[in-house]
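Report on the structure
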2 protein chains.
Amino acid sequence: MKMIISYDKLKTELKSHGLKPTFQRIKILEYLENNKNHPTAEIIFDKLNHKIPTISITTIYNTLNTFIKKGLLSAITITGKEIRYEYNPLPHHHFLCKRCGSIIDININCPFTNGTKKTVDGHKIDEVHGYFKGICKDCLKKEAKHKKSKNV
Amino acid sequence: MKMIISYDKLKTELKSHGLKPTFQRIKILEYLENNKNHPTAEIIFDKLNHKIPTISITTIYNTLNTFIKKGLLSAITITGKEIRYEYNPLPHHHFLCKRCGSIIDININCPFTNGTKKTVDGHKIDEVHGYFKGICKDCLKKEAKHKKSKNV
DNA sequence: TCCATAATGAAAATGATTATAAGTTATGAC
DNA sequence: GTCATAACTTATAATCATTTTCATTATGGA
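Residues numbered from 1 in each chain as written. Chains lettered and ligands numbered in written order. Predicted model: local features only at pLDDT ≥ 70, side-chain atom pairs only at ≥ 80, totals over all residues.

Moving on, we come to the protein's contact with DNA strand C. In the region of DNA strand C, 22 residues are neighbours, and A:Thr22, A:Ser56, A:Thr59, B:Glu82 and B:Ile83 sit closest. Every element with two or more residues in the surface near DNA strand C is listed here: α2 (23-34) and α4 (57-70) of chain A together with α3 (41-51) and α4 (57-70) of chain B. Across the surface near DNA strand C, the residue classes tally to five nonpolar, 11 polar and six charged. (Near = placed C-beta within 6 Å. Helix = DSSP H or I, 4+ residues; strand = E, 2+ residues; numbered from the N terminus. Nonpolar A, V, L, I, M, F, W, Y, C, P; charged D, E, K, R; others polar.)

In structure tokens:
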């Protein structure tokens with residue numbers, strides 16, 4: 001993980017959202033800004049635990065929930081197994097590959113993510129989640145190669 | 001719960017999907033065909049437990065998972081808390097009201113549910129889930145009435 | 001620096017779901 | 001019909017992500 005964002009910027013960001021810039025919060029936010037792979041709380045914990053051996057998984061959960069409440073993060077529940085977290089995203093959709101498990105951002109022109117439509121059937125929309133599941137491009141390619149080499 | 005579908009039809013449906021038409025399966029399928037309110041496994045268990053006191057929550061889960069595997073049901077994870085089940089649906093989207101908790105079917109013309117698009121960005125799509133969250137029509141109406149009566 | 005408040009951390013609790021293992025029922029060959 | 005086998009059901013225990021509780025510690029203002 002490369003450090004791209006300065007601590008000062010992270011601190012300012014936290015303060016501007018009404019949050020005290022504690023060490024733990026800075027490191028968690030930094031991790032999420034640098035890692036756009038939709039990690040779980042556990043993954044964040046494992047990574048930060050190396051640098052901050054005293055950090056608790058409870059703090060990870062507390063912090064993530066606080067960040068979501070303040071609008072710094074959004075939660076993705078595409079797997080149905082656990083919550084995955086994403087930094088400050090412009091609204092977009094997601095694809096889950098059933099073969100390799102990777103979660104891929106999908107940017108398509110959708111009236112519900114581009115801000116055109118703010119209601120459906122009279123219901124006021126606050127959040128939109130578009131979840132696609134299937135086989136990703138890379139896994140399709142591997143499959144094709146495999147079949148070819150076997151002359152199937 | 002009214003009994004609309006005959007046992008014979010339910011039996012036939014189970015058999016045509018390669019499933020033995022046991023009493024428990026018939027009752028679970030019957031419940032889901034008559035109750036389109038996206039129940040949890042727990043809700044189904046509570047309702048059936050009155051008529052079948054020996055039924056086990058494990059059977060509910062086993063059966064629901066079997067039904068999904070065979071394509072009789074689909075799973076909705078919009079709440080992020082628990083799985084909700086839906087009978088044999090034509091693909092459509094869902095709305096979760098954050099105020100009253102109800103889940104509402106949304107039928108809009110979407111290229112991913114009407115069968116027009118079977119891939120995104122080169123990824124092959126097997127499932128599409130459109131989850132909207134916000135305040136439903138009814139709760140909006142109640143809110144407006146409340147404000148008016150208070151002259152806010 | 002002192003104090004009130006908020007944040008952190010460890011351990012225990014929760015709750016939905018799954019795994020295990022044992023019992024029961026159905027099915028098909030004989 | 002009888003028997004063996006497989007399929008289904010059930011109760012219990014296990015799992016695992018997340019939350020709660022509560023004692024300790026850090027933070028920012030006075």
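Our next topic: the domain arrangement of chain A. All names here are of chain A. Each domain of chain A was delimited in the assignment, giving domain 1 (1-89) and domain 2 (90-152). Centre-to-centre separation of domain 1 and domain 2, based on C-alpha positions: 24 Å. In this assembly, six residues from domain 1 lie in contact with seven residues from domain 2. (Domains from an automatic or database assignment. Contact = placed C-beta atoms within 7 Å.)

A few words now on the protein's contact with DNA strand D. The environment of DNA strand D is made up of 26 residues, and the closest members are A:Glu82, A:Ile83, B:Thr22, B:Ser56 and B:Thr59. Going through the elements one at a time, α3 (41-51) and α4 of chain A together with α2 (23-34) and α4 of chain B are the ones with two or more residues in the surface near DNA strand D. Here the residues of the surface near DNA strand D sort into eight nonpolar, 12 polar and six charged.

Turning our eyes to something else, we now look at the interface of chain A and chain B. Counting from both sides, the interface comprises 26 residues of chain A and, opposite them, 26 residues of chain B. Where the side of chain A that touches chain B is concerned, the elements lending two or more residues are β4 (103-106), β6 (123-135) and α5 (137-149) of chain A.

Glancing now at the environment of B:Leu19. Relative to the elements of secondary structure, B:Leu19 occurs in the loop between α1 (7-16) and α2. Filtering out sequence-adjacent residues up to four positions away, B:Leu19 remains in contact with B:Leu14, B:Arg25, B:Thr66 and B:Lys70.

Moving on, we come to the pairing of strand β3 (residues 93-97) of chain A. All names here are of chain A. With five of five residues buried, β3 lies mostly within the body of the structure. Because side chains alternate across β3, one face comprises the buried residues His 93, Phe 95 and Cys 97, and the other comprises His 94 and Leu 96, equally buried. Two strands pair when backbone bridges link them, and β3 and β4 are joined in this way by four bridges, in the antiparallel orientation. When the bridges of β4 are listed, Phe 95 appears paired with Ile 104. Linking β3 back to β4 in an antiparallel pair, the connection comprises five residues, with Gly 101 at a positive phi of about 80 degrees. Here four bridges tie β3 to β6, and the two strands are oriented parallel to one another. (Buried ≥ 20, exposed ≤ 12 C-beta atoms within 10 Å, placed from the backbone. Pairing = 2+ DSSP bridges.)

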